[in-house]
Amino acid sequence: MPDPASIARVRGWIDAARKVTVLTGAGISTESGIPDFRGPQGVWTTNPKAEKLSDIRYYVSDPEVRRLAWQNRLAHPAWTASPNRGHLALASLEARGKLHALITQNIDGLHLKAGNSAGRVVEVHGTVLFVACLQCDWRGPMEAVAERLRAGEEDPSCTECGGILKSDTISFGQSLKPGVIERAMRCAQECDLMLAVGSTLQVYPVAGVVPVAKQFDAKLVIVNAQPTPFDDIADAVLAGSIGDILPAICG
Ligand code: NAD
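Residues numbered from 1 in each chain as written. Predicted model: local features only at pLDDT ≥ 70, side-chain atom pairs only at ≥ 80, totals over all residues. Heavy atoms only, no water.

Novice: Outline the pattern of salt bridges, listing residues and values.
Specialist: Applying the stated rule across the entire model yields eleven salt bridges. Where Arg66 meets Asp155, a salt bridge forms, and the shortest distance between an N and an O atom there is 2.8 Å. Separated by 89 residues along the polypeptide, Arg66 in helix 4 (residues 63–74) and Asp155 in the loop between helix 7 (142–150) and strand 6 (165–169) bring together distant segments of the chain. A single salt-bridge network, built from bridges that share partners, covers Glu31, Arg85 and Asp244. (Salt bridge = Lys/Arg side-chain N within 4 Å of Asp/Glu carboxyl O. Helix = DSSP H or I, 4+ residues; strand = E, 2+ residues; numbered from the N terminus.)

Novice: Just give me the short version of the site of the ligand, but keep the residues and values in it.
Specialist: Around the ligand sit 26 residues in total, of which Glu31, Arg38, Gln105, Thr200 and Gln226 are the nearest. One of the side-chain nitrogen or oxygen atoms of His125 is found 2.8 Å away from an oxygen atom of the ligand. Here Gly240 contributes a backbone N or O atom positioned 3.4 Å from a nitrogen atom of the ligand. Classifying every residue of the shell around the ligand by side-chain character gives eight nonpolar, 14 polar and four charged. (Near = heavy atom within 4 Å. Polar contact = N/O pair within 3.5 Å; in protein donor to acceptor, adjacent residues only side chain to side chain. Nonpolar A, V, L, I, M, F, W, Y, C, P; charged D, E, K, R; others polar.)

Novice: Outline the state of the cysteines, supporting the account with residue identities and numerical values.
Specialist: Applying the stated criterion across every chain yields a total of zero disulfides. Free of any disulfide, Cys133 has its nearest cysteine sulfur in Cys161, 3.6 Å distant. Summary of cysteine pairing: Cys250 is not part of a disulfide, and the nearest cysteine sulfur, belonging to Cys191, is at 14 Å. (Disulfide = S-S within 2.5 Å.)

Novice: Residue-level account of the domain arrangement of the chain, with values.
Specialist: Here the chain is described as being made up of domain 1 (1–34 + 82–125 + 175–251) and domain 2 (36–80 + 128–169). Put simply, the middle of domain 1 and the middle of domain 2, counted by C-alpha atoms, are 27 Å apart. Contacts between domain 1 and domain 2 engage 16 residues on the former and 13 residues on the latter. In total, about 1100 Å² of surface goes out of reach between domain 1 and domain 2, with carbon and sulfur atoms giving 53% of it. When the buried area of domain 1 at its contact with domain 2 is split by residue, Ile34, Ile107 and Gln226 rank highest and sum to 35% of it. At the surface where domain 1 touches domain 2, the tally comes to two residue pairs in polar contact (both at pLDDT 80 or more). (Domains from an automatic or database assignment. Contact = heavy atoms within 4.5 Å. Buried area = accessible area lost by both parts, 1.4 Å probe.)

Novice: Go over the pairing of strand 4 (residues 126–133) with me, naming the residues and quoting the values.
Specialist: Most of strand 4 is tucked away, with six of its eight residues classed as buried. Sheet analysis places strand 4 next to strand 6, joined by five bridges and oriented antiparallel. Within strand 6, the position partnered with Thr127 by the bridge is Asp168. Across three bridges, strand 4 lies against strand 5 (residues 139–141) in antiparallel orientation. Bridge pairing links Phe130 to Pro141 in strand 5. Once strand 4 ends, the chain turns through five residues before running back antiparallel as strand 5. (Buried < 20%, exposed > 50% of the residue type's maximum accessible area, 1.4 Å probe, protein only. Pairing = 2+ DSSP bridges.)

Novice: Outline the packing of aromatic side chains, listing residues and values.
Specialist: Evaluated as defined, the whole model comprises zero aromatic pairs. Looking at Arg139, its charged tip hangs above the ring of Phe130, at a distance of 4.2 Å from the centre. Of note, Lys219 hangs over the ring of Trp13, and the distance from its end group to the ring centre comes to 4.8 Å. (Phe/Tyr/Trp six-rings, centres within 6.5 Å; stacked < 30°, edge-to-face > 60°. Lys NZ or Arg CZ within 6 Å of the ring centre and 35° of its normal.)

Novice: Tell me about the nonpolar core, residues and numbers included.
Specialist: Core analysis: the biggest nonpolar cluster contains 26 residues, and Val22, Leu90, Leu195, Val223, Leu246 and Ile249 have the highest contact counts within it. The biggest single contributor to this core is helix 10 (residues 242–250), with five residues. Not counting the four nearest positions on each side in its chain, Val22 is found in contact with Leu90, Leu93, Leu99, Ala101, Leu102, Ile103, Leu195 and Val197. In terms of nonpolar packing, the next biggest core, distinct from the first, is built from 23 residues, Ala184, Ala207, Val210 and Ala234 among them. (Core = buried A, V, L, I, M, F, W, Y, C linked by side-chain atoms within 4.5 Å.)

Novice: With reference to specific residues and values, describe the pairing of strand 1 (residues 20–24).
Specialist: Counting buried positions over the five residues of strand 1 gives five, a clear majority of the element. Here strand 1 shows a buried face lined by Val20, Val22 and Thr24 and a second buried face lined by Thr21 and Leu23. As judged from the five bridges shared by strand 1 and strand 2 (residues 99–104), these two strands associate in the parallel manner. Looking across to strand 2, one finds that Thr21 is bridged to Ala101. Summarising the sheet, strand 1 and strand 7 (residues 193–197) pair through five bridges and their orientation is parallel. Bridging across to strand 7, Leu23 finds its partner in Ala196.

Structure (structure tokens):
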């Protein structure tokens, strides 16, 4: 846990702020039992081959990658995970009227489960709770496709057009949804405090919201167990458990 003086200083900044924009990454959900990618116990750290499953080129070209991806989705911890103290602290920030936007790279739906409102949450990398067709406009709840998987299909295709289905998430190599990153950048420009939580801040374009907030004169606070490329420009870096730190600074 960071020293009490640093916690008190950041808590004071949040008390004084009117518009806090938060950026969260996979690190906020590890305490809910969902592994991150690049942390010490991360999916890619422990199994570098897993990176293939997150790349759209392999997904589209290789039915075996799709079969494995569907198995992983059926077993995804997001189905049973509950929000932890970090998620709940961000819900309380919204309840206090301080939250301008909660930009998340996460696909697990836990911010909405914790009580943050859909109007404030910007899911830049989509959600694993929905499925979308890569060819047509079809989009539907994961549960409908999960039933087909449980009934024995290994690589279910779109019932509308026969196209390849995928969780409604953004894989590496896939374009972001139009308008979503623009909204995230706008929320970074409009805030007076940017709180970056549980991210290595290496995935672009979303990591770009951090320097943008700083350029627009916001205070920058980073909460993460490991160093990030933006620690040098941050007004405060709090290293330690997100579940301990966020309740202490968000009130
Ligand atoms: P990342 O895996 O690159 O980094 C996570 C960071 O959080 C690491 O630096 C790690 O040390 C830190 N961390 C982990 N648990 C922590 C804790 N309890 N307290 C403090 N720090 C902690 O994550 P990223 O930057 O979000 O990039 C990964 C990409 O993969 C994102 O685009 C995201 O969409 C996706 N992803 C999402 C989930 C999810 O939805 N929960 C899980 C894995 C990956």
